[in-house]
Amino acid sequence: MARARNLPALVAHGGAGNAGPGKERPERRRGMMAAIRLGAGILRGNGSALEAVVATVAALEDHPLFNAGYGSLLNSEGNVEMDASVMYAEPVAVAASSGKRAHTHTADYSVSAGAVAAVSRVRNPIMLARAVMEHSPHILMAGPGAESFARKVGIRLVRPEEMVTERARERWRARKQQAGMLEAGAAARAAMGHGHGTVGAVAVDVNGAIAAATSTGGVPGKLFGRVGDSALIGAGTFAHAFGAASATGQGEAIILTALCREAVLALADATPQAVAREAIREMIDATGAEAGLILIDGRGRIGYAHNAASMQVARYDPAGGVQHLWLAPIATARRP
Ligand code: ASP
């Protein structure tokens, strides 16, 4: 069946949370624009949705003002522990000719996924997540095992200190002081939801393949060993024949509501914009937490919504070109 098409298309987010220092906003906007242009260039050159989302997210991981890769927030012990995941849905004819390992998810698409949790020694966790998808029999690898796998597939390991920016260290010190006498669990709970800067991207390419990618340093004040939604397929990242989603915000709430999978499945009956708004509303009703979501459907239509103080997105489609937006929250309270 022929679909109405607006392909290719790409949307990226730079995290939902507090607005961050005003003086950083122009540079964060520039970082988003550079990343989306990179991804858009890949799509315009008939590159794959997978290449586009990985390149977009990797560019944001390299930027020190985003909470992913270099620039990640520090955990309660003062160390970087990063999560990332990627998922790819290809029309079956493409999958068969590439010979890639994948299993059939619907009648005419195959899906594959890869993720890493709590890694400290790779510069671009999204590239390691992709390597897990393409070169291992697994979907999720964590910690030192994931890093040892990185070395085997030729991804260079760095010293954990090389991932720590002075800015992240200062914020960690300030938070420690603020937490004062609070015991660790209470301090972590009090701090959660006040960060921003997780990154993600979703895309559909000219061949109708669909991809999602997400990468984060996690929530501020998180305990050593905590893993959030960005490592979990279905929670922080999902792609499937209907479309793709990437989430940001309080990971615990995103996991509890399986936010990205629920949203992508809902694309069967509604537009991405309507689905994004309803998914965030349902998340608020269920958890009272803060989160944001970007969505794309198989036709290249885009949607996004959040209920935090601030969220930035950048988008590309053939009609609108490349654009950047600071999004206002759709709601702040539970529905009566
Ligand atoms: N969702 C991420 C996490 O919980 C954090 C964020 O998006 O700000 O690890």
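Overview of the structure. (Residues numbered from 1 in each chain as written. Predicted model: local features only at pLDDT ≥ 70, side-chain atom pairs only at ≥ 80, totals over all residues. Heavy atoms only, no water.)

1. Describing unusual backbone geometry
Negative phi characterises most residues that are not glycine, and trans characterises most peptide bonds. Selection criterion: Helix and strand assignments follow DSSP, with helices taken as H or I runs no shorter than four residues and strands as E runs no shorter than two, numbered in order from the N terminus. Type-normalised accessible area, obtained with a 1.4 Å probe on protein chains alone, sets the label of each residue: buried when under 20%, exposed when over 50%, and partly exposed for intermediate values.
With a phi close to 65°, N46 is a non-glycine residue in the positive phi region. Structurally, the position occupied by N46 is in the loop between α1 (25-44) and α2 (49-62). At A258, a residue that is not glycine, the phi angle is positive and equals roughly 45°. Locating A258 in the fold gives a position in the loop between α8 (251-256) and α9 (259-266). Exposure remark for A258: the relative accessible area of 27% places this residue in the partly exposed category.

2. Overview of the pairing of strand β11 (residues 302-306)
Side chains on a regular strand alternate between the two faces of the sheet. Definition in use: DSSP calls a pair of strands paired once it identifies at least 2 bridges connecting them.
Most of β11 is tucked away, with 5 of its 5 residues classed as buried. Going residue by residue along β11, you find I302, Y304 and H306 tucked away on one face and G303 and A305 tucked away on the opposite face as well. The sheet contact formed by strand β10 (residues 291-297) and β11 spans 5 bridges and is antiparallel. Among the inter-strand pairings, I294 is bridged to a residue of β11, identified as Y304.

3. Focus: the site of the ligand
Condition: A cutoff of 4 Å decides nearness: a residue is near a molecule or strand if any of its heavy atoms lies inside that distance of it. Pairs of N or O atoms within 3.5 Å make up the polar contacts considered here, provided that, within protein, one atom can donate a hydrogen while the other can accept it, and that residues adjacent in sequence are counted only when both atoms are side-chain atoms. Only the protein chains shown count as cover for residues, with accessible areas throughout obtained via the Shrake-Rupley method and a probe of 1.4 Å. Under the scheme applied, nonpolar residues are Ala, Val, Leu, Ile, Met, Phe, Trp, Tyr, Cys and Pro; charged residues are Asp, Glu, Lys and Arg; polar residues are all the others, including Gly.
For the ligand, the full set of nearby residues is T198, T216, G218, V219, R226, D229, S230, T248, G249 and G251. G249 has a polar backbone atom sitting 2.7 Å from an oxygen atom of the ligand. In this structure, G251 approaches the ligand through a main-chain N or O atom, which is 3.0 Å from an oxygen atom. Alone, the ligand offers 270 Å² of accessible surface; in the complex the protein occludes 97% of this. Of the residues belonging to the shell around the ligand, the class tally is 1 nonpolar, 7 polar and 2 charged.

4. Focus on α1
For clarity, the cut-off: An expected span of 1.5 Å times one less than the residue number is assigned to each helix.
Between its terminal C-alpha atoms α1 stretches 28 Å, which fits the 28 Å expected from 20 residues at 1.5 Å a residue. Among the residues of α1, R28, G31, M32, M33, A35, I36, G39, A40 and L43 are the ones counted as buried.

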